[in-house]
Amino acid sequence: MLTTGGFADNEEMLVDHAPHLLAHGRVSDGLDDGSGIRMAAALGAATRRMGVVELALTALPALAVRGVLVNAHGQRFVNEDVYPGLFSVAAVLTQPAPYWVIVDEEGYEAVPERERWGVVPRFVSETLGELEGELGMPPGALESSVGTYNTHAARGRDPYFHKDARWLRPLEGPFAAIDPRAGFHQGGRPSAGAGTGVAGFTLGGLRTTVDGAVLDVSGAVLPGLFAAGRAASGIHGEGYVSGTSLGDGTFFGRRAGVAAAAAGLRSGS
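About the criteria used
Residues numbered from 1 in each chain as written. Predicted model: local features only at pLDDT ≥ 70, side-chain atom pairs only at ≥ 80, totals over all residues. Heavy atoms only, no water. Phe/Tyr/Trp six-rings, centres within 6.5 Å; stacked < 30°, edge-to-face > 60°. Core = buried A, V, L, I, M, F, W, Y, C linked by side-chain atoms within 4.5 Å. Buried < 20%, exposed > 50% of the residue type's maximum accessible area, 1.4 Å probe, protein only. Helix = DSSP H or I, 4+ residues; strand = E, 2+ residues; numbered from the N terminus. Contact = heavy atoms within 4.5 Å. Pairing = 2+ DSSP bridges.

Peer 1: Explain the packing of aromatic side chains here, please?
Peer 2: Applying the stated rule across the entire model yields two aromatic pairs. Judged by centre distance (5.0 Å) and plane angle (85°), the ring pair of F251 and F252 falls under edge-to-face.

Spelled out as structure tokens, the structure:
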């Protein structure tokens, strides 16, 4: 029974399968070395979705939803009220870094201080032109993005990305740019995200049946070999929702354990 975790801590495997994670922080206990996956692969086991990773951009959702999330060119690219994992993957996999949350004073103050997790703006300016200059964006880019957003927000619409109308209102100066690379803070100390502003883990692993039996490259069961948790490519496809690793580890782990025990009884071992 392989329950050895994923391979977020194995640089060689990341180079081969999930290079998007290489430059960023890892969400792991430091022991996700891919050893179980490699062990089974040596026996002919099949793997699945090895390039899929979960990425978390340290952009506070309560602030992002009250403003706009833009790329290094000052362009908006996603609906800010989606699940944070979705805007994180959209940013890291498709957009030029760095990423910025642009909010105005009203939006920032609307979030209670205790719920800001110590997040403070790195840059504050009276005008968008000044702000984009400080951020090194192309002249007029941020002004254009926010101007378009404001025009539609005044009508309660977001025709490009379909943000819910309750979050839509024109942004007015002064404006602030929040840098996810600064991370979150608790008790005055950095607690998450400092560095690139991104952390993640792998979702790919061994191909199994719903009972955890590991399959070989031809699709046949490898007798006596089972896997669960992040060592297996479980319930996740191209995305992830917080906490669902518990399903892979508990529900499917239990199924794998029951199936392994039954297989042992049948073989007399």
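From this point, things continue past the structure.
Peer 1: Just checking my understanding: could you explain the nonpolar core for this structure?
Peer 2: Burial of nonpolar side chains together is a common tendency in soluble globular proteins. Membership of the largest hydrophobic core comes to 45 residues, with the highest contact counts inside it found for L63, L69, V101 and L206. Sorting elements by how many residues they give to this core places helix 4 (residues 84-94) first, with four residues. Discounting chain neighbours no more than four positions away, the residues touching V101 are A59, L63, A64, V68, L69, A176, A177 and I178. Counting 17 residues, the second largest nonpolar core, distinct from the first, contains I102, F123, L128 and M137.

Peer 1: In this structure, what is going on with the sheet that holds strand 1 (residues 25-26)? I would like to understand it.
Peer 2: Picture the strands of a sheet paired through backbone hydrogen bonds; they go either parallel or antiparallel. Pairing is mixed across the open sheet formed by three strands, whose spatial order is 1-10-3. In this open sheet, the two edge strands, each paired with only one partner strand, are strand 1 and strand 3 (53-57). Here strand 1 pairs with strand 10 (residues 198-202) via two bridges, running parallel. Directly across from R26, in strand 10, lies its bridge partner G200.

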